[in-house]
Amino acid sequence: MKHFFLQTGIVLSVLLATGCLNKSSEAAKGPLPDRSVRGAVLNVSLETTIDTLDQQKAVYANSFELIGNMIDGLMQMADDGSVKKAICKDEIVSSDGLHYTFKLRNDVYWSNGEPVTAHDFVYGWQRAIDPATASEYAFMISDIAQVKNATAIQAGQMDPNQLGVRAVDDYTFEVELQVPVSYFDQLLYFCTFYPANRAFVEQCGDKYATSPDTCLANGAFLLTEYSPTGKSISFIKNTAYYGASSVRLGGLHYEILSSGEEALRRYQNGQLDFVELSGEAVEKMKSSPDFKPVDSGFLYYITFNFDDPVLANKNLRKAFTFAVDRERVTTEMADGSAAAYAAIPRGFAFSQSGTDFTPAGVEFPDLCSYNPAKAREHFALALKELGKSRLSLELLTADGEAQVIASTSIKNQLESLFPALTVTIRAVPKSERRKIMSSGKFQFGLNNWGPDYADPMTYLAMWVTGNDNNQGNYFNPAYNALIASCTDGELCTKINERWQALKDAERMIMDDVAIMPIYQKCNANLIKSNVRNVAFHAVAINRIYKNTTK
């Protein structure tokens, strides 16, 4: 019954596929995917809804995974975490590190048959930096990749067609940077840097990437079932993919489930092959041979709203950070997550000598550790400075099971230690939580971030003034200047000095209590024994299925 449902859904999607996909197919120049493909379908759970499948607008990790199923960029991540070529066939870098020339494969096609060319990369990058697109990841092209003219374009001072990218010919893509970026290649497997077909995107307009027939694929899988409000998403193998011979799965099917118990039930009755558990389901299954916890690389932390007159008080923020026993939080979550004591999680960013930027253990014991005596001292000072005898605050969180457990633990610990404090939890869908934080209409909230590339800047850039992810509106001119020196200033090419400066920047964040680290997420996975070679990564796309078998 399971496979009949999936195949019926695939056939139905194909029969209903009209609109953008069919219109663009009239000018097909290459092979079209075989939409009747059959084979093993991997059934996977997702715990949250998808914000978008638009490669230039996506924000959430689940969206990155789904987009990565169907679109390749210049580079991709190998199973061992290294960077390897995807659509890029050859790369030439100038001696000063400012000019990149990418020779592209000539056997890569969109699912409407049109070839993927250098013009698609030019358009994709210009689209991402164009203020009209309102991409929250535009800063990746300007602040992080340092592409020439990107900052001025983002500010509305130059036209997007003046971005430092060009198509020399159909299969030669050139990029000009403002300063050398040592990790530039690592950025190129991130969705913001993916190509986009201008004619198709413009023809679809606002409906682009909202359904199977308004999405184009050039990657391993082809979207066959999806709607923004739906609870299931399906893909089939893309037989026109240049690497199709190595893709063993016939398809992927996702079910969006917010409950760990529901995910477990469907896993146990054979509906799902791969689920992520939360809540009591973790405790039930942690001794199972199918239980495979994987460090996700995501840091969960409290964001304080510096525009709120109460949370702007540094003594109150210090009181909170000393009041929460992070080990207790992770014990109550029971999914293998680890307590976090730094603004940068461990295990993803390493120096040239192989040293982890954040070794295991308490990184800042004087600034971020459980200390009830210090907590009470700072809370008393905060009440005095605020001229209040009691405080009532709202803690914002996403409504996922694990986040609610963590937020409840934080609330209980704060109220227990501070009798004059009342904390109310407001749990909302993840997309709404982000919108509320971005609007500044919150006091403090449980936030999260996963690394987009293997450098500490993927976190530290967030707290620069003006960054879209600086949702608490933290402002420190010295911090801004230090980060600037590491991106396009005097330290950008001095690797050792830059590394130390980034550590200094992290200490500023911790000393100002710009955020309050809580835990580093571990995904409590159950995977059927016949499923092999799912590639897990802490950076960018967390799960890749190109080499997976079932």
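As the structure is a prediction and not an experimental result, all values here were calculated from the model. (Residues numbered from 1 in each chain as written. Predicted model: local features only at pLDDT ≥ 70, side-chain atom pairs only at ≥ 80, totals over all residues. Heavy atoms only, no water.)

Peer 1: Honestly, the sheet that holds strand β4 (residues 88–93) in this entry has me stumped. Any pointers?
Peer 2: Two orientations exist for strands paired in a sheet by backbone hydrogen bonds: parallel and antiparallel. With antiparallel pairing, the 4 strands of this open sheet are ordered in space as β4-β5-β7-β6. Where the open sheet ends on each side, the last strands, each with one partner, are β4 and β6 (165–169). Adjacent strand axes in the sheet meet at a mean angle of 20° when their direction is disregarded. Of the pairings in the sheet, the one linking strand β5 (residues 99–104) to strand β7 (residues 172–176) comprises 5 bridges and is antiparallel in character. (Pairing = 2+ DSSP bridges. Helix = DSSP H or I, 4+ residues; strand = E, 2+ residues; numbered from the N terminus. Axes fitted to C-alpha atoms, helices over the stretch in contact; angles between N-to-C directions.)

Peer 1: Would you explain unusual backbone geometry in this entry?
Peer 2: Both trends apply: most residues other than glycine have a negative phi, and most peptide bonds are in trans. The phi dihedral of Asn149 falls on the positive side, at around 75°, and the residue is not glycine. By the secondary structure assignment, Asn149 is in the loop between α5 (139–144) and α6 (150–154). The backbone of Ala334 shows a phi angle near 60°, a positive value even though the residue is not glycine. Along the chain, Ala334 turns up in the loop between α12 (326–333) and β13 (338–339). Using a relative accessible area of 16% as the deciding quantity, one classes Ala334 as buried. (Buried < 20%, exposed > 50% of the residue type's maximum accessible area, 1.4 Å probe, protein only.)

Peer 1: Can you walk me through the layout of surface pockets in this structure?
Peer 2: The probe, sized like a water molecule, is rolled over the atoms to show the empty space still left. Taken as a whole, the largest pocket encloses approximately 490 Å³ of empty space. If you trace the largest pocket, you find 25 residues lining it, with Tyr183, Gln186, Phe350, Ala454 and Asp455 closest to the centre. Lining the second largest pocket are 21 residues; nearest its centre among them are Asp54, Lys57, Arg127, Thr133 and Val201. If you list the elements that add at least two residues to the lining of the second largest pocket, you get α4 (118–129) and α8 (198–204). Taken together, the residues of the lining of the second largest pocket sort by class into 8 nonpolar, 5 polar and 8 charged. (1 Å grid on protein atoms, 1.4 Å probe; cavity = no way out; pocket = protein on both sides within 12 Å on 5 of 7 lines; lining within 4 Å. Points joined across faces, edges and corners; volume = space filled by probe spheres on them. Nonpolar A, V, L, I, M, F, W, Y, C, P; charged D, E, K, R; others polar.)

Peer 1: Any chance you could explain the confidence of the model for the chain here in plain terms?
Peer 2: Atomic detail in the predicted coordinates should be set aside for any region of low pLDDT. When pLDDT is averaged across the chain, the result is 92; 95% of the residues are at 70 or more. Contacts of residues 1–19 to residues separated by more than four positions or lying in other chains number 24 contacts, the stretch itself having pLDDT below 50. Scored below 50 in pLDDT, residues 21–28 shows 17 contacts in the model against residues more than four places distant or in partner chains. (pLDDT = per-residue confidence, 0-100. Contact = heavy atoms within 4.5 Å.)

Peer 1: In this structure, what is going on with the packing of helix α17 (residues 477–487) against helix α18 (residues 495–511)? I would like to understand it.
Peer 2: α18 packs onto α17 with a crossing angle of 155° between their chain directions and a minimal axis gap of 10 Å. In terms of their interaxial angle, α17 and α18 are classed as roughly antiparallel. Seen along the crossing, α17 lies across α18 with a hand that is left-handed. Where α17 abuts α18, its residues Ala478, Tyr479, Leu482, Ile483 and Cys486 lie against Arg498, Ala501, Leu502, Asp504, Ala505, Met508 and Ile509. Within the contact of α17 with α18, the residues separate by chemical class into 10 nonpolar, no polar and 2 charged. (Parallel < 35°, antiparallel > 145°, perpendicular 65-115°, else oblique. Left-handed = near helix turned anticlockwise from the far one by under 90°.)

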